[in-house]
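Structural overview for review
For reference, the chains in residue letters:
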Amino acid sequence: PRLSPERPYRALALSSGASDAPRTVPCGSTSLVFEVQSGPSTGYPGVREALDQYRRDCEARLGRTLLEQGHPLVIADGRLRFAPAGGSAVGLTKTLHQRYLDAPRSELLAELRPGTRTPLFEIRYKDALYSWYTRLAEPGPVDHDLAGVVRLETMASAGIEAAVRLADLTTVHLPRFASSPIWDARAPQNLYPFAALEQRLRHELGDHLWVRRAIEAYIIGGGP
C-alpha cells in the first residue's frame, strides 16, 4: 500500500453568499492559508453548505485526477459525486442511513454472507446510479444484523454490464480490506485504506489545539 495525500486544504466558510480574499494565519514557524468558501444560506446552514460543497469539489477533482493517471478503479469514501471520463469509479457508503429497498427485498440484507451481494438496483439523484449492497464481514456477537454491510454505487451511464462487473469485482476483493474492531471502532465498514488515510491526513493538518490558538491570536490581533 502507498499513501499519497494531497496537501491539506483549509477553508474559511462564510454564509449569505459573502466573499473575501484568502486569509494567511501565522502559526509558529509557518503560515496557514485559508481559502474562502461561501454558501448561499444565512447563518450556520450557509457555513455548512460552503464546507460540504468545498469537500465534494475536492473529492471529485482528486477522483478524476486518479483516473486520468491510469488507475483502473477508484473507490470513494461515501457518495460517488463525479462521472468518470475513463476507468471505473465506485462510491462506498459505510453507514446505512437511508432505506433503498422495501420489504421483502430488504430482508435479503441480513442474509448476506461475507463476499456476497444483492442484485443491482437503480437510484436517481441528479444523475442515475446503479447500486448494490455487499457484506464485508460477519457481525460480531453483540452487533446488529446489518453490521458489516455496505452500499456501493456507480454511474448508470457506464451501462448495466460494466456495473455488474464492478459489483462482482468489489464483492470479491473488498472483504480483504475490512478493518478489525481491535484497530478501528468503525470496523469493519471503515476499510483499512480509508482509516489509514484519515489518520495520515489528521497528522498533515497539524495539532488542532495549536492551530486553534493561532486562529484565536490572529482574530484578537485584528488580522487582515
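Use the structure listed above.
Residues numbered from 1 in each chain as written. Predicted model: local features only at pLDDT ≥ 70, side-chain atom pairs only at ≥ 80, totals over all residues. Heavy atoms only, no water.

**With respect to the overall build of the protein chain**
The cut-off we apply is this: A run of DSSP states H or I qualifies as a helix once it reaches four residues; a run of E qualifies as a strand once it reaches two. Both are numbered from the N-terminal end. Partly exposed describes any residue whose relative accessible area lies between the buried limit of under 20% and the exposed limit of over 50%, with all areas from a 1.4 Å probe on protein chains only and scaled to the type maximum. In what follows, residue pairs with any heavy atoms lying within 4.5 Å of each other are defined as contacts. In short, Shrake-Rupley with a 1.4 Å probe defines the accessible areas, and a residue's cover is counted only from the protein chains shown. The convention is simple: Lys and Arg are positive, Asp and Glu are negative, and His and the chain ends are not counted. Positions of charges follow a simple convention, taking NZ of Lys, CZ of Arg, CG of Asp or CD of Glu.
Counting its secondary structure elements, the protein chain contains five helices and eight strands. Secondary structure elements in the protein chain, listed N-terminal to C-terminal, are β-β-β-α-β-β-α-β-β-β-α-α-α. Scored against the burial criterion, the 224 residues of the protein chain give a buried share of 34%. When contacts within the protein chain are restricted to residue pairs at least 6 apart in sequence, those whose partners lie at least 24 apart make up 50%. Total accessible area on the protein chain is roughly 13,800 Å²; 55% of this is exposed by carbon and sulfur atoms. Computed over 27 positive and 25 negative side-chain charges, the inter-centroid distance for the protein chain is 2 Å.

**What about the nonpolar core?**
For the record, the criterion: Residue types Ala, Val, Leu, Ile, Met, Phe, Trp, Tyr and Cys, when buried and joined through side-chain atoms within 4.5 Å, form a set referred to as a nonpolar core.
Counting residues in each nonpolar core, the largest one holds 17 residues, and the members touching the most others are Leu92, Leu120, Trp132, Leu136, Leu152, Leu174 and Leu191. Secondary-structure elements contributing two or more residues to this core are β5 (88-93), β7 (128-135), β8 (149-155) and α3 (160-173). Of all hydrophobic cores here, the second largest spans eight residues; its members include Leu67, Val74, Phe82 and Met155.

**With respect to the layout of surface pockets**
What counts here: Here a cavity means grid points, on a 1 Å grid over the protein atoms only, where a 1.4 Å probe fits yet cannot get out; a pocket means an open set of points with protein on both sides within 12 Å along at least five of seven lines; lining residues are those with an atom within 4 Å of a point. Grid points are joined across faces, edges and corners, and a volume is the space filled by probe spheres set on the points. We call Asp, Glu, Lys and Arg charged. Ala, Val, Leu, Ile, Met, Phe, Trp, Tyr, Cys and Pro are nonpolar, and the rest, Gly among them, are polar.
The space that makes up the second largest pocket amounts to roughly 260 Å³. Taken together, 14 residues form the lining of the second largest pocket, with Arg79, Thr93, Thr95, His97 and Arg151 sitting closest to its centre. Split by residue class, the lining of the second largest pocket holds five nonpolar, five polar and four charged.

**Describing the sheet that holds β5**
As a reminder of what qualifies: Paired strands, as defined in this entry, are two strands with at least two bridges between them according to DSSP. Axes here mean lines fitted to C-alpha atoms, for a helix over just the part in contact, with angles spanning 0 to 180 degrees between N-to-C directions.
Spatially, five strands are ordered β4-β5-β8-β7-β6 in an open sheet, and the strand pairing comes out mixed. Each of the sheet's edge strands pairs with one partner strand only, and the pair in question is β4 (73-77) and β6 (121-124). Between one strand axis and the next, the sheet turns through 35° on average, direction left out of account. Bridging between β6 and β7 involves four bridges; their strand directions are antiparallel. Residue pairing in the sheet places Phe121 in a bridge with Ser131 of β7.

**What about the packing of aromatic side chains?**
We apply this condition: Pairing of aromatic side chains here covers Phe, Tyr and the six-membered ring of Trp, requires ring centres within 6.5 Å, and sorts the geometry by plane angle: under 30 degrees stacked, over 60 edge-to-face, intermediate tilted. A ring is scored as having a charge over it whenever the NZ atom of a lysine or the CZ atom of an arginine sits within 6 Å of its centre and within 35 degrees of its normal.
Here the structure, examined in full by the defined rule, presents four aromatic pairs. Measuring from ring centre to ring centre gives 6.5 Å for Tyr9 and Tyr54, while their planes differ by 80°; the resulting arrangement is edge-to-face. On the criterion of sequence distance, the pair formed by Tyr9 in the segment before β1 (11-14) and Tyr54 in helix α1 (residues 43-68) is long-range, its members being 45 residues apart. Given a relative accessible area of 33%, Tyr9 falls into the partly exposed group. For Tyr54, a relative accessible area of 13% corresponds to the buried category. Positioned above the aromatic ring of Tyr125 is the side chain of Arg79, whose terminal nitrogen or guanidinium carbon lies 3.7 Å from the ring centre.

**Here's the deal with the pairing of β7**
The buried fraction of β7 amounts to eight of the eight residues, a majority that puts the element mostly inside the structure. Of the two faces of β7, both are covered, the one formed by Ala128, Tyr130, Trp132 and Thr134 as well as the one formed by Leu129, Ser131, Tyr133 and Arg135. Linking β6 back to β7 in an antiparallel pair, the connection comprises three residues. Taken together, the seven bridges between β7 and β8 define a ladder with antiparallel strand orientation. Looking at the pairing, Arg135 lines up with Val149 of β8.

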